[in-house]
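Residues per chain, in single letters:
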Amino acid sequence: YIQGLANQYVSICLEFISRFVPVLKKEKLRVQENLLRVLKGQFPHPEPNTDQSQNESTIQELWTKNLEMLKSGNSDDERENVITMSSIAACVECKTWFTEHSYSSDQVITLEIYLRSSSPLPLLINKIQVLFDHEPCNEWCILDEEIILEPGHVKQVIFEFPIISDTLQV
């Protein structure tokens, strides 16, 4: 919070509101509300028990500067708005599987994705994308629409795509 680093703050918040962090629901609710503020481009409310040695206006200036950089896309790192979820225990659980163990060349591949949120408030997801080691498959597994994940409920997303000829093994 004190450093105003939005990506790090978002990552920490996503992990904090997960089922893996044993804190009271009201604490998770407070953190998720702060997370929502950051995602809306506002700086979060001060975190309790933080070192207030820095002036509050200085902290707000840091947040304002960093949030403006994210909004404008003028950060030094072009992936500044990307948060790699594989390294954190996030508040969204994801299970995936193919509906068949194997496919013939004339079949359509079906990939099922199940998402469940453990956050105290509903989550709005704007985009889901599955990335494969074999990149030509990636274009078929993008959902560019809003999905609301209600806490504790499972949401299913299904992707279907053809077998791409260079993926066939002889």
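Look above for the structure.
Right, let's walk through the structure included here. (Residues numbered from 1 in each chain as written. Predicted model: local features only at pLDDT ≥ 70, side-chain atom pairs only at ≥ 80, totals over all residues. Heavy atoms only, no water.)

**Here we look at the packing of helix 1 (residues 6-16) against helix 3 (residues 56-72)**
Applied cut-off: What counts as an axis is a line fitted to C-alpha atoms, over the stretch in contact for a helix, and the angles between N-to-C directions run from 0 to 180 degrees. Only runs of H or I of at least four residues qualify as helices and only runs of E of at least two qualify as strands under DSSP, and these elements are numbered from the N terminus. Each angle gets one of four labels, with under 35 degrees taken as roughly parallel, over 145 as roughly antiparallel, 65 to 115 as roughly perpendicular, and the rest as oblique. What makes two residues a contact is simply this: any of their non-hydrogen atoms within 4.5 Å. Ten residue types, Ala, Val, Leu, Ile, Met, Phe, Trp, Tyr, Cys and Pro, are classed as nonpolar, four, Asp, Glu, Lys and Arg, as charged, and the remainder, Gly among them, as polar.
At a minimum axis distance of 10 Å, the contact between helix 1 and helix 3 shows a crossing angle of 90 degrees. On the basis of the axis angle, helix 1 is roughly perpendicular to helix 3. Of the residues in helix 3, those touching helix 1 at A6, N7 and Y9 are W63, L67 and L70. Grouping the amino acids of the contact of helix 1 with helix 3 by side-chain chemistry returns 5 nonpolar, 1 polar and no charged.

**Describing the nonpolar core**
Applicable threshold: To form a nonpolar core, buried Ala, Val, Leu, Ile, Met, Phe, Trp, Tyr and Cys residues must be joined to one another through side-chain atoms within 4.5 Å. Think of it in three bands: residues with accessible area under 20% of the maximum for their type are buried, residues over 50% are exposed, and the middle band is partly exposed, with areas taken using a 1.4 Å probe on protein chains only.
If you look at the biggest cluster of nonpolar residues, it comprises 35 residues, and the most contacted ones within it are V38, W63, L111, I113, I128, V157 and F159. If you list the elements that add at least two residues to this core, you get helix 1, helix 2 (25-39), helix 3, strand 2 (108-117), strand 3 (123-125), strand 6 (147-149) and strand 7 (154-162).

**Observations regarding the sheet that holds strand 1 (residues 92-98)**
For the record, the criterion: For two strands to count as paired, DSSP must find a minimum of two bridges between them.
Here we have 3 strands laid out as an open sheet, ordered 1-2-7, and antiparallel in their pairing. Sheet topology places strand 1 and strand 7 at the edges, where each strand pairs with a single neighbour. When strand polarity is set aside, the average angle formed by the axes of neighbouring strands in this sheet is 20 degrees. Examined bridge by bridge, strand 1 and strand 2 share 7 bridges and lie antiparallel to one another.

**A look at the environment of A89**
Structurally, A89 can be placed in the loop between helix 3 and strand 1. With relative accessibility at 24%, the residue A89 sits in the partly exposed group. Other than its neighbours up to four places away in sequence, A89 contacts L14, E15, S18 and F20.

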